[in-house]
Amino acid sequence: MALHTVEKIGGTSMSRVHELRDTLLIGERTGADLYGRIFVVSAFGGITNLLLEHKKTGEPGVFGQFAASDNSHGWHDALNRVGDAMIEAHTRVLDHPADIEQATDFVRTRIDGARNCLIDLARVCSYGHFRLSEHMLQTRELLSGMGEAHSAFVTVLMLQRAGVNARFVDLSGWRGEGDVSLEQRILGAMEGIDPMLEMPIVTGYAQCAEGLMREFDRGYSEVTFSMLASLTQAREAIIHKEFHLSSADPNLVGHGAARKLGRTNYDVADQMSNMGMEAIHPKAAKTLRQADVPLRVTNAFEPQDPGTLIDDEAAETPAVEMVTGLDIIALELFEQDMVGVKGYDAAILEVLTRHDVRIVSKVSNANTITHYVDSSLSAMRKVEKDLRKIYPSARIGSRTLAMAAVIGRDLAGLSCLQRGLVAIAEEGLEALGASQGPRNVDVQFIMERELLQPVIKALHRTFIEEVPAIRAAA
């Protein structure tokens, strides 16, 4: 059994990495106590948005400008902004002028290299035999990897200045072999490194033949993290966030009302992911689960708190652990002649898959199939158009709604469906639908969007706040 842990630090926390130096990374540790930990880091907060596109607004970054613009000025300017933002980021966290100068040189080298690569690619694709669209995935990966390489390099400089034997482990494939698997990339980079004697700082992006962005897009760092923990047979995998995994959003239900989970399992983590609040990417969770590596989620700025342990263990006592929710769209297909006819659902699923629409849940009866999806109305208009071609006599429509979910490892015997509907009604609110599967891990309630927050508060009050803490944490 390995003695080391593999630990991931997210982008928002990385922007405060100088604070983490004095708590999580070093703190009171000295000598051998500093080691036995491999850190996987994300880019500094906001950098990946500038490199690709803004995650929330969709505002194009370098990638978006390069992909869409007929002239080079837009992406050149965007790349300059990335360089300036990187320099600003490491100037905030590094203290010594020599370290700042070295980090700035690193940024300029990578920015210039990326610029020359994109210029050459555009030049080659100006010939009719080559298509720029065929190289956009590789371009996206090249740009994304620059953010993690920068933050990892800067973190190593900071730690080495503090006397830590830290090592920069660059998985981004910069000017390296490109035709290697993710496993080969990680094992090759880690060869000869003893985490009990040094502190590897590893890039969250890993260039590999599989192409992490093809399947995971910006969730790639957790896949790298989980694969690293699995391949090195880590004692534990740890994700450091800026908050604890709690029974609900503390900003919504109140910091005094929300409770830290403390212990849960991968089943609950999957339900959380389905509701849009990932503790970890489902594929990453699968990798850890199959390797029998437990996952811990902690608050990076409370290093003494053990956080929440996620493993395969069942709950000792049935209990609701979390109440959460998200905005959804209900896609409804009504066809009077559907009864007894097979194939309707398969056709709907094919269209949703083709338009990359994520399904959260679905319900059906004799002549109606309703899919609750996490998407935009513009995407749903395209889905509706395609479905009308297949089923011209069907009535098809989309409606904006919201879904609240009560989640726990074991909800058996708690009457969550009935009690939830009563809690909603007692607040003068209305649920448009509700469902519970036989596995007793979640109950879903459908309502108008403007009712989501008050519904979450009502459910949290019923299932968490009015239950003794010792039972809720069982």
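In short, a report on the structure. (Residues numbered from 1 in each chain as written. Predicted model: local features only at pLDDT ≥ 70, side-chain atom pairs only at ≥ 80, totals over all residues. Heavy atoms only, no water.)

1. Details of the overall build of the protein chain
1) Next: Looking only at helices and strands, the protein chain has 18 helices and 14 strands in total.
2) Next: Taking 474 residues into account, the globule formula puts the C-alpha radius of gyration at 23 Å, and the protein chain, at 24 Å, falls close to it.
3) Next: Dimensions of the protein chain, computed from the C-alpha atoms along their principal axes, are close to 70 × 65 × 35 Å.
4) Next: When each of the 474 residues of the protein chain is scored for burial, the buried share is 52%.
5) Next: A separation of at least 24 residues holds for 76% of the contacts in the protein chain among residues at least 6 apart in sequence.
6) Next: About 21,800 Å² of surface is accessible on the protein chain, with carbon and sulfur atoms providing 49% of the total.
7) Next: Computed over 48 positive and 64 negative side-chain charges, the inter-centroid distance for the protein chain is 3 Å. (Helix = DSSP H or I, 4+ residues; strand = E, 2+ residues; numbered from the N terminus. Rg over C-alpha atoms; globule rule 2.2 N^0.38 Å. Buried < 20%, exposed > 50% of the residue type's maximum accessible area, 1.4 Å probe, protein only. Contact = heavy atoms within 4.5 Å. Areas by Shrake-Rupley, 256 points an atom, 1.4 Å probe, with all protein chains shown as cover. Lys, Arg positive; Asp, Glu negative; His and termini not counted. Charge placed at Lys NZ, Arg CZ, Asp CG, Glu CD.)

2. Concerning the environment of Trp174
1) Next: Mapped onto the elements, Trp174 comes out in the loop between strand 3 (166-169) and helix 8 (182-190).
2) Next: Accessibility expressed as a relative area gives 21% for Trp174, which makes it partly exposed.
3) Next: If we skip the residues at most four places from it in the chain, Trp174 touches Thr109, Arg110, Gly113, Ala114, Leu142 and Met146.

3. Things to note about the sheet that holds strand 12 (residues 395-407)
1) Next: Pairing in this open sheet of six strands is antiparallel, and the strands run 10-11-9-12-14-13 from one edge to the other. Lying at the two open borders of the sheet, with one neighbouring strand each, are strand 10 (358-364) and strand 13 (433-436). Mean inter-strand twist for the sheet, computed between neighbouring axes without regard to direction, equals 30°.
2) Next: Bridge count for strand 10 against strand 11 (residues 368-374) is six bridges, and the pairing is antiparallel. Directly across from Ser361, in strand 11, lies its bridge partner Tyr372.
3) Next: Sitting on the sheet, helix 14 (residues 344-354) is in contact with strand 9 (322-334), strand 10 and strand 11, with an inclination near 20° to strand 11. (Pairing = 2+ DSSP bridges. Axes fitted to C-alpha atoms, helices over the stretch in contact; angles between N-to-C directions.)

4. Examining the nonpolar core
1) Next: One finds Leu25, Leu159, Phe225, Leu288 and Leu295 to be the most contacted residues of the largest nonpolar core, which totals 103 residues.
2) Next: With residues up to four places along the chain from it excluded, the contact list for Phe225 reads Val6, Glu7, Lys8, Val40, Ala237, Ile238, Ile239, Ile280, Leu288 and Leu295.
3) Next: Residues Val406, Ile424, Val443 and Ile456 belong to the second largest nonpolar core, which totals 25 residues. (Core = buried A, V, L, I, M, F, W, Y, C linked by side-chain atoms within 4.5 Å.)

5. Quick look at the sheet that holds strand 4 (residues 199-203)
1) Next: Strand order in the open sheet made by the eight strands is 3-4-2-1-5-7-8-6, with mixed pairing throughout. Both edges of this open sheet fall to strand 3 and strand 6 (263-265), since each of them pairs with a single strand only. Each adjacent strand pair in this sheet contributes to an overall mean axis angle of 25°, direction not counted.
2) Next: Inspection of the sheet shows strand 3 paired to strand 4 by four bridges, in the parallel sense. For Ala166, the partnering residue across the bridge sits in strand 4 and is Met199.

6. Re the environment of Met146
1) Next: You can see Met146 is positioned in helix 7 (residues 136-161).
2) Next: Residues Met146 and Ser172, spaced 26 residues apart in sequence, show a C-alpha to C-alpha distance of 7.6 Å.

7. Describing the state of the cysteines
1) Next: Evaluated as defined, the whole model comprises zero disulfides.
2) Next: Counting only cysteine sulfurs, Cys117 is the nearest neighbor of Cys125, a cysteine outside any disulfide, at a range of 11 Å.
3) Next: Looking at Cys125, the relative accessible area reads 16%, which means it is buried. (Disulfide = S-S within 2.5 Å.)

8. Some words on the packing of aromatic side chains
The geometry of an aromatic ring pair is captured by two quantities: the separation of the ring centres and the angle between the planes.
1) Next: The full count for this structure, using the stated rule, is six aromatic pairs.
2) Next: Summarising the aromatic geometry, the rings of Phe106 and Phe168 are spaced 6.0 Å apart at their centres and angled 80° between planes, so their arrangement reads as edge-to-face. Placement of the pair is Phe106 in helix 6 (residues 97-124) and Phe168 in strand 3, with a sequence separation of 62 residues.
3) Next: What makes Phe106 buried here is its relative accessible area of 12%.
4) Next: What makes Phe168 partly exposed here is its relative accessible area of 23%.
5) Next: With a centroid separation of 5.6 Å and an interplanar angle of 80°, the aromatic rings of Phe153 and Phe168 are classed as edge-to-face. Of this pair, Phe153 sits in helix 7 while Phe168 sits in strand 3; the two residues are 15 residues apart in sequence, bridging distant segments of the chain.
6) Next: An aromatic cluster is defined as three or more aromatic residues linked by ring pairs; in this entry it consists of Phe106, Phe153 and Phe168.
7) Next: For the cation-ring pair, Arg16 lies above Phe301, with the distance from its terminal atom to the ring centre recorded as 3.7 Å.
8) Next: The ring of Phe63 carries the charged tip of Arg140 above its face, separated from the ring centre by 4.9 Å. (Phe/Tyr/Trp six-rings, centres within 6.5 Å; stacked < 30°, edge-to-face > 60°. Lys NZ or Arg CZ within 6 Å of the ring centre and 35° of its normal.)

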